[in-house]
Amino acid sequence: MRSDIHSHGMSVAFLEISDDDGVRTVRHGFGDKPSGPDLYAFGLSRDYDRLLRQALAGRPAPSPPPRSGTMNPKRAARPAARFLVAS
């Protein structure tokens, strides 16, 4: 699982798979914010297996080209924060 976004009491996690073909992503809604043990149990469940199969069945998006240099984490967080406020 890549990230966890909380919006309107809903926790959404994204599974991202990156390989030579590109990037595949699928999302899963948890409802309430899951704890560490909840995420571990999810990883061992059939739901995670189904999610993984769904991600692998999808068409990959091209991987973004590598960036030169690094971006300040605060600067990278600003567009994400604007997106969350707008939705």
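Source: prediction; values computed, not measured.

The next point concerns the packing of helix 1 (residues 36–44) against helix 2 (residues 46–57). The geometry of helix 1 relative to helix 2 is characterised by a closest axis approach of 4 Å and an angle of 65° between their N-to-C directions. Residues Phe42, Gly43 and Leu44 of helix 1 lie in contact with helix 2, whose contacting residues are Arg46, Asp47, Tyr48 and Leu51.

On to the pairing of strand 2 (residues 10–19). Direction of pairing for strand 2 relative to strand 3 (residues 22–31): antiparallel, over a ladder of 9 bridges. Residue pairing in the sheet places Leu15 in a bridge with Val26 of strand 3. Remark: 2 residues form the turn of the hairpin made by strand 2 and strand 3, two consecutive strands paired antiparallel.

Scanning all chains against the criterion turns up 2 aromatic pairs. When the ring of Phe30 is compared with that of Phe42, the centres are 5.2 Å apart and the planes differ by 75°; the resulting orientation is edge-to-face. Remark: Phe42 occurs in helix 1 and Phe30 occurs in strand 3; sequence separation between them is 12 residues. Residue classification places Phe30 among the partly exposed positions, given a relative accessible area of 22%. Here Phe42 falls in the buried class, since its relative accessible area comes to 8%. Between Phe42 and Tyr48, the ring centres sit 6.1 Å apart and the planes meet at 85°, which makes this aromatic pair edge-to-face.

Together, Lys74, Arg75, Arg78 and Arg82 make up a region of like positive charge exposed at the surface. In this structure, Arg78 sits in helix 3 (residues 73–86).

A separate point is the nonpolar core. One finds Leu15, Ile17, Val26, Phe42, Leu51 and Ala55 forming the largest nonpolar core, which totals 6 residues. Going through the elements one at a time, strand 2 and helix 2 are the ones with two or more residues in this core. Among all residues touching Ala55, those that are not within four sequence positions of it are Leu15, Ile17, Arg24 and Val26.

Residue position: His28 is located in strand 3. Those residues in contact with His28, other than ones at most four positions away along the chain, are Ser11, Val12, Ala13, Phe42, Arg50 and Leu51.

The subject of this paragraph is the confidence of the model for the protein chain. Across the protein chain, pLDDT averages 81, with 89% of residues at or above 70. The weakest mean pLDDT in the protein chain belongs to strand 1 (residues 3–7) at 58; the strongest belongs to helix 2 at 90.

What counts as what
- Residues numbered from 1 in each chain as written.
- Predicted model: local features only at pLDDT ≥ 70, side-chain atom pairs only at ≥ 80, totals over all residues.
- Heavy atoms only, no water.
- Axes fitted to C-alpha atoms, helices over the stretch in contact; angles between N-to-C directions.
- Helix = DSSP H or I, 4+ residues; strand = E, 2+ residues; numbered from the N terminus.
- Contact = heavy atoms within 4.5 Å.
- Pairing = 2+ DSSP bridges.
- Phe/Tyr/Trp six-rings, centres within 6.5 Å; stacked < 30°, edge-to-face > 60°.
- Buried < 20%, exposed > 50% of the residue type's maximum accessible area, 1.4 Å probe, protein only.
- Patch = residues over 30% accessible without salt bridge, like charges linked within 9 Å, V, L, I, M, F, W, Y side chains within 5 Å.
- Areas by Shrake-Rupley, 256 points an atom, 1.4 Å probe, with all protein chains shown as cover.
- Salt bridge = Lys/Arg side-chain N within 4 Å of Asp/Glu carboxyl O.
- Lys, Arg positive; Asp, Glu negative; His and termini not counted.
- Charge placed at Lys NZ, Arg CZ, Asp CG, Glu CD.
- Core = buried A, V, L, I, M, F, W, Y, C linked by side-chain atoms within 4.5 Å.
- pLDDT = per-residue confidence, 0-100.

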